[in-house]
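# Summary of the model geometry
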Amino acid sequence: MATTEPLLAEWFETPLGDMVAAADSTDLRFLEFREATGRETTLASLEARSRRPVVCGRNRLIDQIRAELEDYFAGKSASFRTPLAPEGSEFEKNVWDELLKVPLGETCSYGDIARAVGGMETVRAVGKANGANPIAIVIPCHRCIGADGSLTGYGGGLWRKKWLLRHEGQMRPIGLFALGDPQ
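The rules behind each value
- Residues numbered from 1 in each chain as written.
- Predicted model: local features only at pLDDT ≥ 70, side-chain atom pairs only at ≥ 80, totals over all residues.
- Heavy atoms only, no water.
- Pairing = 2+ DSSP bridges.
- Helix = DSSP H or I, 4+ residues; strand = E, 2+ residues; numbered from the N terminus.
- Axes fitted to C-alpha atoms, helices over the stretch in contact; angles between N-to-C directions.
- Contact = heavy atoms within 4.5 Å.
- Core = buried A, V, L, I, M, F, W, Y, C linked by side-chain atoms within 4.5 Å.
- Buried < 20%, exposed > 50% of the residue type's maximum accessible area, 1.4 Å probe, protein only.

## Brief notes about the sheet that holds strand β1 (residues 7-12)
- Spatial ordering of the open sheet is given by β3-β2-β1-β4, a layout of four strands whose pairing is mixed. The open sheet has two free edges, formed respectively by β3 (28-33) and β4 (54-56), since each of these has just one partner strand. Going from strand to strand, the sheet's axes swing by 25° on average, the running direction of each strand aside.
- One ladder, built from five bridges, connects strand β2 (residues 19-23) with β3; its direction is antiparallel. Its bridge partner lying in β3, alanine 21 is registered against leucine 31.
- Contacts between helix α1 (residues 39-50) and the sheet are confined to β1, β2, β3 and β4, with β1 contributing the most and set at about 140° to the helix.

## Concerning the nonpolar core
- Formed by 35 residues in total, the largest nonpolar core has its most connected members in Met19, Leu31, Leu69, Val95, Leu99 and Ile137.
- Counting residues per element, the ones that place at least two in this core are β2, β3, α2 (60-73), α3 (90-99), α4 (110-117), α5 (123-131) and α6 (158-171).
- With six residues, the top contributor of residues to this core is α2.
- Residues within four places of leucine 31 in sequence aside, it is in contact with Phe12, Met19, Val20, Ala21, Ile65, Leu69, Pro134, Ile135, Ala136 and Val138.

Right, dumping it as structure tokens:
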């Protein structure tokens, strides 16, 4: 049964430009970079994709993801605990689940993800699913690169992908401190 509970959407600033977060009472559904599109256009786009009403507003999940992103951009934490429910096909969800396994400061290739979700014949579909990711940064599609190590497409723009990878590289603990507290 389809829900008619509206999604609440809020815009906020980040070091990489404005983002919009949309959530219902249980899960974050969208987290995207917003370019020059106006709020009405963005709301209409989210409504069409979610097939339910979207209104400006916030709830505890939007507040939570906003705080987690502030810590992420400040280099304090890359731990996201906001419950997610990205809307997509079963294949897309499988791709996004694999992306969530890519550790901070590391990358994978589209082929790596394809092998994990269905074989190399799905590599183009993996690229398409990567591009359809509705929850930027948290589902780290920016960590997926070309087999030759090149930075291939990113819905938020390659400059953002490069920034995110560099930022995460600086956040990743290395050496002895990577082990955490031994107690």
